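Secondary and tertiary structure notes
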Amino acid sequence: MSADLVDGGDGVRFVVQRGGRDVAAFAVRFRGKVYAYFNRCAHVAVELDWQPGRFFDSDGLYLICATHGALYRPESGACVEGPCRGGRLEMLPVVERDGGVFLAD
């Protein structure tokens, strides 16, 4: 999965178990580092990507909610513009090793 993540490019969607339920999540690479979040807008419970894996704005600088246009910092998940300003995406801790990206314990 590590090679699938290009800086500021498409993300990789995946599913994690939370409270016995499958929950959508995604990983992206920004400035050389991988970040992962639950795929859920901080404003309303909708997935962010406007097409599967498309999370970045056209400049590749912010994660964008396709529904509300909210902008999030890729490195922290903090909302910097839009209806969720002051909110944040819920981060998933990940580690990158041996050519893969894994959820941290």
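My aim in this report is to walk through the structure given alongside it, one point at a time. (Residues numbered from 1 in each chain as written. Predicted model: local features only at pLDDT ≥ 70, side-chain atom pairs only at ≥ 80, totals over all residues. Heavy atoms only, no water.)

**Focus: the state of the cysteines**
Taken as a whole and judged by the stated rule, the model has one disulfide. Between cysteine 79 and cysteine 84 runs a disulfide, and the two sulfur atoms are separated by 2.4 Å. Taking the torsion about the sulfur-sulfur bond, which here is approximately 80°, the covalent link between cysteine 79 and cysteine 84 counts as right-handed. As far as the burial class goes, cysteine 79 and cysteine 84 line up, both buried. The thiol sulfur of cysteine 65 is not disulfide-bonded, and the nearest other cysteine sulfur, from cysteine 41, lies at 3.7 Å. (Disulfide = S-S within 2.5 Å. Buried < 20%, exposed > 50% of the residue type's maximum accessible area, 1.4 Å probe, protein only.)

**Comments concerning the side chain of aspartate 49**
In this structure, aspartate 49 sits in the loop between β3 (33-38) and β4 (63-64). Its relative accessible area of 12% is what places aspartate 49 among the buried residues. For aspartate 49, the side chain forms a polar contact with the main-chain nitrogen of glycine 53, separated by 3.0 Å. Excluding residues within four positions of it along the chain, aspartate 49 makes contact with Arg13, Asn39, Arg54, Phe55 and Ala66. (Helix = DSSP H or I, 4+ residues; strand = E, 2+ residues; numbered from the N terminus. Polar contact = N/O pair within 3.5 Å; in protein donor to acceptor, adjacent residues only side chain to side chain. Contact = heavy atoms within 4.5 Å.)

**What to know about the sheet that holds strand β6 (residues 79-81)**
In spatial order, the strands read β4-β5-β6; together these three strands make up an open sheet with antiparallel pairing. Among the strands making up the open sheet, the edge pair consists of β4 and β6. Pairing analysis gives two bridges linking β4 to strand β5 (residues 71-72), with the strands arranged antiparallel. Looking at β5, one finds that isoleucine 64 is bridged to leucine 71. (Pairing = 2+ DSSP bridges.)

**Quick word on the environment of phenylalanine 26**
The residue phenylalanine 26 is located in strand β2 (residues 21-30) in this model. Taking the relative accessible area as the measure of exposure, phenylalanine 26 reaches 0% and is therefore buried. It is 9.7 Å that separates the C-alpha atoms of phenylalanine 26 and arginine 40, two residues lying 14 residues apart in sequence. If near-sequence neighbours (up to four positions away) are discounted, phenylalanine 26 is found in contact with Val12, Arg13, Phe14, Tyr35, Ala36, Tyr37, Phe38, Asn39, Phe55, Leu63 and Leu89.

**A short note on the packing of aromatic side chains**
In total, this model carries three aromatic pairs according to the counting rule given. Seen from their ring centres, phenylalanine 26 and phenylalanine 55 are 3.8 Å apart, and the 10° between their planes marks the pair as stacked. On the criterion of sequence distance, the pair formed by phenylalanine 26 in strand β2 and phenylalanine 55 in the loop between β3 and β4 is long-range, its members being 29 residues apart. A relative accessible area of 0% places phenylalanine 55 in the buried class. Ring geometry for phenylalanine 30 against phenylalanine 56: centres 6.2 Å apart, planes inclined by 25°, an arrangement best described as stacked. Placement of phenylalanine 30 in strand β2 and of phenylalanine 56 in the loop between β3 and β4 is noted, with a sequence separation of 26 residues between them. Exposure class is identical for phenylalanine 30 and phenylalanine 56. Each is buried. Through a chain of ring-to-ring contacts, three or more aromatic side chains come together here, namely Phe26, Tyr37 and Phe55. Seen from the ring of phenylalanine 102, arginine 97 lies directly overhead, with NZ or CZ sitting 4.8 Å from the centre. (Phe/Tyr/Trp six-rings, centres within 6.5 Å; stacked < 30°, edge-to-face > 60°. Lys NZ or Arg CZ within 6 Å of the ring centre and 35° of its normal.)

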